[in-house]
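A look at the structure
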Amino acid sequence: MADFIRCRDMTCRFPGCRVPATQTDVDHTIPWPHGPTAASNLKCVCRHHHLLKTFWGGENGWRDRQFDDGTIIWTAPDGHEFVTTPGSRLLFPELSEPTASITTSGRPTPHTAGLTMPRRRTTRAHDRARRVAAERETYVAPADP
């Protein structure tokens, strides 16, 4: 299913983003377990916009609605709406044919007020340097002949 979603979308589905679908997360529009893992409820979103939707979403943040043909309507915090269609619609129209309609089971809980984006305790460069140092400590040099 992930291959189908990536072929259908071709890029990140956030308005104006052109990150290739091969470098994106497959995201549920209606969060699992309330929304099913089905083509009508999945889309490609790059990591940056996935975090934006997760941590700055909800009633006062970015929101999205997805239709059975893969069209997504994004609503900005100021109320403006942006419509994105699957990138394959012109080249491979059969990938944009409507898939099964989804039904929700329950209602997703709204974002909690204290939810914040996780912060790194160290930089990636520091983490890499620490891994290299640990590997060098475990390295045993071959004996001289």
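Note that the structure is a prediction, hence the values are computed from the model and not measured.

The bond known as a disulfide is covalent and runs between the sulfur atoms of two cysteines. For the structure shown, the criterion picks out 0 disulfides. Of the cysteine sulfurs around C12, a residue in no disulfide, the closest is that of C17, at 3.7 Å. Note on C46: no disulfide assigned, nearest cysteine sulfur contributed by C12 at a separation of 3.8 Å. Under the relative-accessibility criterion, C46 is labelled buried at 6%.

Looking now at helix α3 (residues 124-138). Helical geometry: 3.6 residues make up each α-helical turn, so side chains three or four residues apart lie on a common side. With 15 residues, α3 extends 21 Å between its outermost C-alpha atoms, agreeing within 8% with the 21 Å of an ideal straight helix rising 1.5 Å per residue. Across the 15 residues that make up α3, only a small minority, 1, are buried.

So, about the pattern of salt bridges. Going through the model one piece at a time under the given rule, you end up with 8 salt bridges. Close ionic contact of D64 with K43 constitutes a salt bridge, the shortest N to O distance being 2.8 Å. Of this pair, D64 sits in strand β3 (residues 63-66) while K43 sits in strand β2 (residues 42-45), and the two are 21 residues apart along the sequence. Each member of the pair, D64 together with K43, is buried. Taking the shortest distance from any N to any O, the salt bridge between D127 and R130 comes out at 2.9 Å. Of this pair, D127 and R130 are both found in helix α3, 3 residues apart, which corresponds to roughly one turn of the helix.

Let's shift gears to the packing of aromatic side chains. All told, the structure shown has 3 aromatic pairs when counted by the stated rule. Taking the centre distance of 5.0 Å and the plane angle of 65° together, the rings of F14 and W74 count as edge-to-face. Residue F14 is found in the loop between α1 (2-9) and β1 (25-28), and its partner W74 is found in strand β4 (residues 72-75); the two are separated by 60 residues along the sequence. The buried category is assigned to W74, whose relative accessible area is 0%. Centre to centre, the rings of W62 and F82 are 6.2 Å apart; their planes meet at 35°, and the pair counts as tilted. Here W62, found in the loop between α2 (47-55) and β3, pairs with F82, found in strand β5 (residues 81-84); they are 20 residues apart in sequence, far enough to count as distant. Residue class for W62 comes out buried when judged on its relative accessible area of 17%.

Rules of the game
Residues numbered from 1 in each chain as written. Predicted model: local features only at pLDDT ≥ 70, side-chain atom pairs only at ≥ 80, totals over all residues. Heavy atoms only, no water. Disulfide = S-S within 2.5 Å. Buried < 20%, exposed > 50% of the residue type's maximum accessible area, 1.4 Å probe, protein only. Helix = DSSP H or I, 4+ residues; strand = E, 2+ residues; numbered from the N terminus. Expected span 1.5 Å × (residues − 1). Salt bridge = Lys/Arg side-chain N within 4 Å of Asp/Glu carboxyl O. Phe/Tyr/Trp six-rings, centres within 6.5 Å; stacked < 30°, edge-to-face > 60°.

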